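# Breakdown of the fold
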There are 2 protein chains.
Amino acid sequence: MAVYTHDELLALDKYFRINLVNTASGIRSANLIGSQNEASVSNLAVFNSLVHIGANPPCLGFVMRPLLVERHTYANIKKSGYYTINQVNSAIYKEGHQTSAKYVADTSEFTACGLTEEYRDDFPAPFVKESKLKIGMSFIEEHKIAYNDTILIIGKIEKLIVPSEVIGVDGCINHADLEAVAVSGLSSYYDCKYKDQLEFARPK
Amino acid sequence: MAVYTHDELLALDKYFRINLVNTASGIRSANLIGSQNEASVSNLAVFNSLVHIGANPPCLGFVMRPLLVERHTYANIKKSGYYTINQVNSAIYKEGHQTSAKYVADTSEFTACGLTEEYRDDFPAPFVKESKLKIGMSFIEEHKIAYNDTILIIGKIEKLIVPSEVIGVDGCINHADLEAVAVSGLSSYYDCKYKDQLEFARPK
């Protein structure tokens, strides 16, 4: 068994520590966040930090790294007020991962990475055509984490697009049927295999 | 294809909407958060909202539902300053799920759900013996989301415990080897299957 204290983690080789700590929180859904700047140049970036915030009203959050360098996703969201969240599936995980490369501001990651922009019903941000589960979002609020300057972005679900056949009678989406891909840390990808649906738990 | 606007989501049957919106953000690692009150009664609760915040210094976040009812995990963390995060694996996912039942304050979910408390090196919060990846945390800061009163809790990794044999030479933890279980929404469980490790992406 490996046991690391906080100080022992800090003393590790930088890349080993980044991978160890980034993967310690487990696997999470991989999502592409689409946005657009004032000159209508689209932007697309992969995130593994999507988190459910509430169902009434429907809203979601995600975490952005500190603004030490230019963050196009952040700038576009703050300027336009809109963005999209597009689930990564097994057919596009390599293209999705490639969006994490550092492209200059006037390059669209859609073109650079081989994914297709899709505009729907005047929604002011690009969806990913190849994604099967897509969410149109509007910005609500942001919180800066004082400890390390990361930023939590909260948005409202304006539009949820998902194939009818993967929605159960209870409303649950089956992510194995969507061939959704999960990610751990920065670059370890996983398939998900449906296991079980448990009942609402009550004391026994 | 099913397409829902924000207002159409609000108009859905309550339980269908809860499941649909909760599962829309995909699968996430399932984790048990352990804590202890002033009378040393332990508490254990399953969360699906763990999120990586930073590797230098190592810290993690998770989202708590609004404090409309008594939240033992929140009260214990704020009072003691310490908690543990324990990964759910396929051998204990039913026990883990059962911790979401509403137990009264003087009942320990460890006993009630059939999991074993483990205390290590005077760390002032209980770990889950049956869990293979365990993290000892200290509270750093909290952020209240104005939109719906949920709370983001940020903590520092004080101790990371993980079997040496699942850590790669690059520091990446293999969650398939840990038989980690992921969850979507409140009750859909998934196994994870290792797929691929991609290179750090650079513009092509």
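Rules used in this analysis
Residues numbered from 1 in each chain as written. Chains lettered and ligands numbered in written order. Predicted model: local features only at pLDDT ≥ 70, side-chain atom pairs only at ≥ 80, totals over all residues. Helix = DSSP H or I, 4+ residues; strand = E, 2+ residues; numbered from the N terminus. Rg over C-alpha atoms; globule rule 2.2 N^0.38 Å. Buried ≥ 20, exposed ≤ 12 C-beta atoms within 10 Å, placed from the backbone. Contact = placed C-beta atoms within 7 Å. pLDDT = per-residue confidence, 0-100. Least-squares fit on C-alpha atoms with pLDDT ≥ 70 in both. Pairing = 2+ DSSP bridges. Nonpolar A, V, L, I, M, F, W, Y, C, P; charged D, E, K, R; others polar. Core = buried A, V, L, I, M, F, W, Y, C linked by C-beta atoms within 7 Å. Arc of directions from axis to C-beta.

In this section: the overall build of chain A. Helices and strands together make up the secondary structure of chain A, namely five helices and 13 strands. Here the C-alpha atoms of chain A give a radius of gyration of 18 Å, agreeing with the 17 Å that 2.2 N^0.38 yields for 204 residues. Here the C-alpha coordinates of chain A stretch approximately 55 × 50 × 30 Å along the principal axes. Across the 204 residues of chain A, 51% fall into the buried class. Restricting the contact set of chain A to residue pairs at least 6 apart, pairs at least 24 apart contribute 60%.

The predicted coordinates should not be examined in detail at positions where pLDDT is low. Across chain A, the average pLDDT comes to 96, with 100% of residues at 70 or higher. For this predicted complex, the interface confidence comes out at an ipTM of 0.96, alongside a pTM of 0.97.

What follows covers the relation of the copies chain B and chain A. When chain B is brought onto chain A, the operation consists of a screw motion whose angular component is 180° and whose axial shift is 0.0 Å, with 0.0 Å RMSD remaining. Such values leave the two copies arranged in the relation of a two-fold axis. Taken as a fraction of all interface residues of chain B, those also at the interface in chain A reach 100%, which identifies the copy contact as same-surface.

Residues and elements named next belong to chain A. Here strand E7 (residues 82-87) runs beside strand E10 (residues 134-144); their pairing, made up of five bridges, is antiparallel. In the sheet register, Thr-84 faces E10, and the bridge partner there is Gly-136. Where E10 meets strand E11 (residues 151-162), ten bridges bridge the pair, whose relative direction is antiparallel. Directly across from Gly-136, in E11, lies its bridge partner Lys-159.

Each partner contributes residues to the interface: chain B has 94 residues there, and chain A has 94 residues. Its residues assigned to classes, the side of chain B that touches chain A shows 53 nonpolar, 27 polar and 14 charged.

Here we come to the nonpolar core. Core analysis: the largest hydrophobic core is formed by 110 residues, its most contacted members being Val-181 and Ala-182 of chain A together with Ala-182 of chain B. Apart from residues no more than four positions distant in its own chain, Ala-182 of chain A is found in contact with Ile-27, Arg-28, Ser-29, Ala-30, Tyr-190 and Cys-192 of chain A together with Ile-27, Ala-182 and Cys-192 of chain B.

Moving on: helix H3 (residues 72-80) of chain B. Residues and elements named next belong to chain B. Among all positions in H3, only His-72, Asn-76 and Ile-77 are buried. All buried residues of H3 lie within an arc of 125° about the axis, which places them on one face of the element. Where H3 is buried, its residues contact strand E3 (31-36), strand E4 (42-47), strand E7 (82-87), strand E10 (134-144) and strand E11 (151-162). Remark: Gly-81 follows H3 within two positions and exhibits a positive phi of approximately 85°.

To continue, consider unusual backbone geometry. Here the bond from Asn-56 of chain A into Pro-57 of chain A is cis, since omega is 0°, no more than 30 degrees from zero. Here Pro-57 of chain A is to be found in the loop between strand E5 (51-55) and strand E6 (58-64). The phi dihedral of Asp-122 of chain A falls on the positive side, at around 60°, and the residue is not glycine. Even without being a glycine, Asp-149 of chain B presents a positive backbone phi close to 65°. Here Asp-149 of chain B is to be found in the loop between E10 and E11. Taking the C-beta count within 10 Å as the criterion, Asp-149 of chain B has 13 such neighbours and is therefore assigned partly exposed.

Let's shift gears to the pairing of E3 of chain B. All names here are of chain B. Of all six residues in E3, six are buried, a share of seventy percent or more. With burial as the criterion, each face of E3 is covered, one bearing Asn-31, Ile-33 and Ser-35 and the other bearing Leu-32, Gly-34 and Gln-36. Here E3 pairs with E4 via six bridges, running antiparallel. Residue Leu-32 lies in a different strand from E4, and its bridge partner there is Val-46. In sequence, E3 turns back onto E4 through a hairpin of five residues, with Ser-40 there showing a positive phi of about 65°. With four bridges joining them, E3 and E7 adopt antiparallel strand pairing. Bridge pairing in E7 links Leu-32 to Asn-86.

Residue and element names in this part refer to chain A. As for its position among the elements, Gly-34 is in strand E3 (residues 31-36). Judged by C-beta crowding, with 31 C-beta atoms within 10 Å, Gly-34 ranks as buried. A sequence separation of 161 residues divides Gly-34 from Lys-195, and the C-alpha atoms of the two residues are 31 Å apart. Gly-34 has contacts with Ser-42, Leu-44, Tyr-83, Thr-84, Asn-86, Ala-125, Pro-126, Phe-127 and Val-128, leaving out every residue within four places of it along the chain.

Turning to the environment of Asn-43 of chain B, a few remarks are in order. Residue and element names in this part refer to chain B. Within the secondary structure, Asn-43 is located in strand E4. By the C-beta count within 10 Å, which is 25 here, Asn-43 ends up buried. Residues Asn-43 and Glu-117, spaced 74 residues apart in sequence, show a C-alpha to C-alpha distance of 9.8 Å. Beyond its immediate chain neighbours, meaning those up to four positions away, Asn-43 contacts Ser-35, Gln-36, Asn-37, His-72, Thr-73, Asn-76, Ser-108 and Glu-109.

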